[in-house]
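Listed here are the chains, written in short residue letters.
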Amino acid sequence: MLDSLARLGRWGLGMFERLGRGHLFLLSMLGGLHVLVMRPRLVIREVYAVGVLSLLIIVVSGGFVGMVLGLQGYNTLVGFGAEQSLGTVVSLSLLRELGPVVTALLFAGRAGSALTAEIGLMKSTEQLSGMEMMAVDPMRRVVAPRFLAGFFSMPLLAIIFSAVGVMGGYFVGVGLLGVDAGAFWSQMQDSVDFNEDVMNGVIKSLVFGFVVTWIALFEGYDATPTSEGVSRATTRTVVHSSLAVLGLDFILTGLMFNKF
Amino acid sequence: MIEVRDLHFARGSRKIFDGLDLDIHAGRVTAIMGPSGTGKTTLLKLIGGQLRPQHGSIRVDGQDVHRLGRGDLYRLRRRMGMLFQSGALLTDLSVFDNVAFPLREHTRLPERMIRDLVLMKLEAVGLRGARDLMPAELSGGMARRVALARAIALDPMMIMYDEPFTGLDPITMGTIVTLIKRLNDAIRLTSIVVSHDVRETLSIADDVYLIADGKVVERGTPEALAKTASDWANQFLQGLPDGPVPFHYPAADYREDLMNGGRDAR
Ligand SMILES: Nc1ncnc2c1ncn2[C@@H]1O[C@H](COP(=O)(O)OP(=O)(O)OP(=O)(O)O)[C@@H](O)[C@H]1O
Ligand SMILES: [Mg+2]
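Visitor: Residues and numbers for the pairing of strand 4 (residues 55–60) of chain B, please.
Guide: All names here are of chain B. When strand 1 (residues 2–11) meets strand 4, the two strands line up antiparallel, connected through 5 bridges. Note on strand 4: the bridge partner recorded for Arg 5 is Ser 57. Where strand 4 and strand 5 (residues 63–64) come together, 2 bridges link them in antiparallel fashion. Its bridge partner lying in strand 5, Val 60 is registered against Gln 63. A loop of 2 residues connects strand 4 with strand 5, the two strands running antiparallel in sequence, and Asp 61 in this loop sits at a positive phi of about 50 degrees.

Here it is as structure tokens:
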């Protein structure tokens, strides 16, 4: 009994300590951002690794999610004779929810895990330590550009995801199920509001990009420098950032779309 | 050049340094030797300011390493080279770019000049022909030599070699030994060589420190050490298996441990 209490206490302390270290890490990462103004090339390289290389999975998933939305939406709407509203249903679900959230989950799996593994391995092979001894701050040279790249790539990927998804919905709804093309687009234009829907989706994905990249980089930097430690850190990145995305999505949706 | 005073450092409850005093003079090769696990790598990391001692001070070129602000520490590190035990090359850059890395980070030299400098450094370690290889394509000894070229890229005032000789074939070993000596003499580098390859190290060292149990056990020139013949120095320098230096990591009594019969194995 006492034993398990002690273990709970130790676990709690350990968790808070990690949380504290995570925030210190964030601060020093943000403190390192200003040097990148002088060296945009560092960021561009990482945008390629983090963003461009995630494009394929984002486009394919966006297409399929949009097509499924087309099918499901049509089945539901046709019962009310409202299948002309399919464009609205597809675009709103994508812009408000599925675009940012699914993109963030895929991003955590594809780019987040890669970031953690990369930084963890750099740590375990003493590359970070070696940089420090060459008077190069790895926080600025390695971590900060990756953070910026993740932060900016996420909204772009989410927008691409939504755009491809709308295409997928159009393909299924108009192409296969015979919804009127004009109605699909005009209903969509009428009901989608730029600030309310598009921008809120972008804000969500910015927040998700921030959190996922932060978690991924911190896990890598904080990993135990062994192969087991790196593998555990990679798992933690995917689990923690997925949970964080889903939890934050609930909070953000509450704030944005429901005036309590 | 480097003064270590009353250094105390512990990892958890394990004391690694317990009042260590050391002086390293400019322009000389100082060897630091001691059994595996005595904290030689730790000492270099303390000198480089990567670790913080619990007590005591380390002054490099007149500056207390652990009292410096971030900017000053980084400025000081630019003048220190360190050769890691593992090489610590950046695996996503080619040999050329690895050696060019500190130059590109710290100078605004035109690319032509960087190229010339890098090729000069690579020539010095005999790997000019390997410039396009990736670190994964190098052998351990080659990686060490590339790391050495990188460490001298900024023409530091001192360089710390962590186990520069382990795992090298006799020929490479010989070239590295002469290389360290030559660098030291040619550009008046201060060199610290951490090693337990006694013969090679003694052949180039001007001063030798033997450390054990967190303290300096013996110090002097190689000739003087050969004469003093304290038990400890003798055992270490001649590689005798038994003597005052225990071969084992601190542990419970062996017999008891065996008799314990897995009582503490959960
Ligand atoms: N990251 C660490 N965490 C905890 N203990 C460590 C860590 N690194 C080293 N140690 C401990 O510190 C002691 C000194 O390690 P160090 O690497 O400095 O030894 P060394 O003298 O360089 O040995 P070798 O000659 O084998 O390289 C060892 O006993 C080791 O157990
Ligand atoms: Mg060592």
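Visitor: I'd like a description of the site of ligand 1, backed by residues and values.
Guide: Residues and elements named next belong to chain B. Not every one of the 13 residues close to ligand 1 is listed here, only the nearest: Ser 36, Gly 37, Lys 40, Thr 41 and Thr 42. Gly 37 is positioned with one of its backbone polar atoms (N or O) 2.9 Å from an oxygen atom of ligand 1. Within the backbone of Thr 38, one N or O atom sits 3.4 Å away from an oxygen atom of ligand 1. A total of 630 Å² of accessible area belongs to ligand 1 in isolation, and the protein chains cover 64% of it. Sorting the residues of the shell around ligand 1 by element identifies strand 2 (14–24) and helix 1 (40–47) as the ones contributing at least two each. For the shell around ligand 1, the element with the most residues is helix 1, which contributes 3 residues. Of the residues in the shell around ligand 1, the class split is 1 nonpolar, 8 polar and 4 charged.

Visitor: Tell me about the pairing of strand 8 (residues 190–194) of chain B, and name the residues and values.
Guide: Residue and element names in this part refer to chain B. Counting buried positions along strand 8 yields 5 of 5 residues, so the element is predominantly enclosed. Side chains of strand 8 alternate between two faces, with Thr 190, Ile 192 and Val 194 and Ser 191 and Val 193 buried alike. Of the strand pairs in this sheet, strand 3 (residues 29–33) and strand 8 are connected by 4 bridges, and their pairing is parallel. Looking at strand 8, one finds that Thr 30 is bridged to Ile 192. As judged from the 5 bridges shared by strand 7 (residues 158–162) and strand 8, these two strands associate in the parallel manner. Paired with Met 158 across the strands is Thr 190, a residue of strand 8. Regarding topology, helix 6 (residues 170–186) serves as the crossover connection from strand 7 to the parallel strand 8, and that connection is right-handed.

Visitor: Requested: an account of helix 6 (residues 138–176) of chain A, with residues and values cited.
Guide: Residue and element names in this part refer to chain A. Compared with an ideal rise of 1.5 Å per residue, which puts 39 residues at 57 Å, helix 6 spans 53 Å between its outermost C-alpha atoms and is within 8% of the ideal. Roughly 30 degrees is the biggest bend found in helix 6, and it falls at Ala 144, with proline Pro 145 one to four residues downstream. Positive phi shows up at Gly 178, right after helix 6, with a value of about 80 degrees.

Visitor: Which residues make up the packing of helix 4 (residues 86–124) of chain A against helix 9 (residues 227–257) of chain A, and what values go with them?
Guide: All names here are of chain A. Two numbers describe how helix 4 lies on helix 9: the axes approach to 9 Å, and their chain directions differ by 155 degrees. The pairing of helix 4 with helix 9 is recorded here as roughly antiparallel in orientation. The way helix 4 lies across helix 9 gives a crossing that is right-handed. Split by residue class, the contact of helix 4 with helix 9 holds 12 nonpolar, 10 polar and 3 charged.

Visitor: Tell me what's going on with the sheet that holds strand 2 of chain B, and back it up with residues and numbers.
Guide: With antiparallel pairing, the 4 strands of this open sheet are ordered in space as 2-1-4-5 (chain B). Taken across any chain shown, the strands that pair with only one partner, and hence form the sheet edges, are strand 2 and strand 5 of chain B.

Visitor: Explain the confidence of the model for chain B to me, and be specific about the residues and the numbers.
Guide: Residue and element names in this part refer to chain B. On average, residues of chain B score 85 in pLDDT, and 94% of them reach the 70 mark or higher. Within chain B, helix 3 (residues 95–106) carries the highest mean pLDDT (93), whereas helix 9 (residues 231–238) carries the lowest (71). What the predictor reports for the complex is a pTM of 0.87 with an ipTM of 0.81.

Visitor: Lay out the coordination of the magnesium ion (ligand 2) in plain terms, naming residues and giving numbers.
Guide: All names here are of chain B. Only Thr 41 (OG1) and Gln 85 (OE1) from the protein reach the magnesium ion (ligand 2) as donors, at distances of 1.9 to 2.6 Å. With a gap of 44 residues between them, Thr 41 in helix 1 and Gln 85 in the loop between strand 6 (80–83) and helix 3 connect regions that are remote in the sequence. On the accessibility criterion, Thr 41 (24% relative accessible area) is partly exposed. According to the relative accessible area criterion, Gln 85 is partly exposed, its value standing at 35%.

Visitor: Kindly report on the sheet that holds strand 10 (residues 215–220) of chain B, identifying the contributing residues and their values.
Guide: In sheet architecture, strand pairing relies on hydrogen bonds along the backbone and comes in two forms, parallel and antiparallel. Residues and elements named next belong to chain B. If you trace the 6 strands from one edge of the open sheet to the other, you get 6-7-8-3-9-10, paired in mixed fashion. Bordering the open sheet on either side are strand 6 and strand 10, each of which pairs with just one other strand. Looking at each pair of strands side by side, their axes are set apart by 15 degrees on average, direction ignored. Bridge analysis of strand 9 (residues 207–212) against strand 10 gives 5 bridges, and the strand direction is antiparallel. Across the sheet, residue Tyr 209 finds its bridge partner in strand 10, namely Arg 219. Packed onto the sheet, helix 5 (residues 140–151) meets strand 6 and strand 7 and runs at close to 175 degrees relative to strand 6. In this fold helix 9 packs onto strand 3, strand 9 and strand 10, with an angle of close to 100 degrees to the strand it touches most, strand 9.

Visitor: Which residues make up the side chain of A:Glu46, and what values go with them?
Guide: Here A:Glu46 is to be found in helix 2 (residues 40–50). Residues in contact with A:Glu46, not counting those within four places in the same chain, are A:Gly51, A:Pro145, A:Arg146 and A:Ala149.

Visitor: Go over the nonpolar core with me, naming the residues and quoting the values.
Guide: Grouped together as the largest cluster of nonpolar side chains are 55 residues, with contacts concentrated most on A:Phe25, A:Met29 and A:Leu217. Broken down by element, the residue count for this core peaks at 12 residues, all from helix 4 of chain A. Dropping the residues within four chain positions of it, A:Met29 is found in contact with A:Met139, A:Val143, A:Ala144, A:Phe147, A:Trp214 and A:Leu217. Counting residues in each nonpolar core, the second largest holds 38 residues, with B:Leu103, B:Leu117, B:Val146 and B:Val177 among its members.

Visitor: Quick one: what's the story with unusual backbone geometry, residue by residue and with numbers?
Guide: All names here are of chain B. Despite not being glycine, Asp 155 has its phi angle at roughly 50 degrees, a positive value. With respect to the element layout, Asp 155 can be found in the loop between helix 5 and strand 7. Accessibility expressed as a relative area gives 49% for Asp 155, which makes it partly exposed. The backbone phi angle of Asp 213 is positive, close to 50 degrees, even though this residue is not glycine. Inspection of the secondary structure assignment puts Asp 213 in the loop between strand 9 and strand 10.

Calculation rules
- Residues numbered from 1 in each chain as written.
- Chains lettered and ligands numbered in written order.
- Predicted model: local features only at pLDDT ≥ 70, side-chain atom pairs only at ≥ 80, totals over all residues.
- Heavy atoms only, no water.
- Pairing = 2+ DSSP bridges.
- Helix = DSSP H or I, 4+ residues; strand = E, 2+ residues; numbered from the N terminus.
- Near = heavy atom within 4 Å.
- Polar contact = N/O pair within 3.5 Å; in protein donor to acceptor, adjacent residues only side chain to side chain.
- Areas by Shrake-Rupley, 256 points an atom, 1.4 Å probe, with all protein chains shown as cover.
- Nonpolar A, V, L, I, M, F, W, Y, C, P; charged D, E, K, R; others polar.
- Buried < 20%, exposed > 50% of the residue type's maximum accessible area, 1.4 Å probe, protein only.
- Right-handed = clockwise from strand over helix to strand, strands pointing away.
- Expected span 1.5 Å × (residues − 1).
- Bend = angle between axes of the 7 residues up to and from the residue.
- Axes fitted to C-alpha atoms, helices over the stretch in contact; angles between N-to-C directions.
- Parallel < 35°, antiparallel > 145°, perpendicular 65-115°, else oblique.
- Left-handed = near helix turned anticlockwise from the far one by under 90°.
- pLDDT = per-residue confidence, 0-100.
- Donors = N, O, S within 2.8 Å, 3.2 Å for Na, K, Ca; no water.
- Contact = heavy atoms within 4.5 Å.
- Core = buried A, V, L, I, M, F, W, Y, C linked by side-chain atoms within 4.5 Å.

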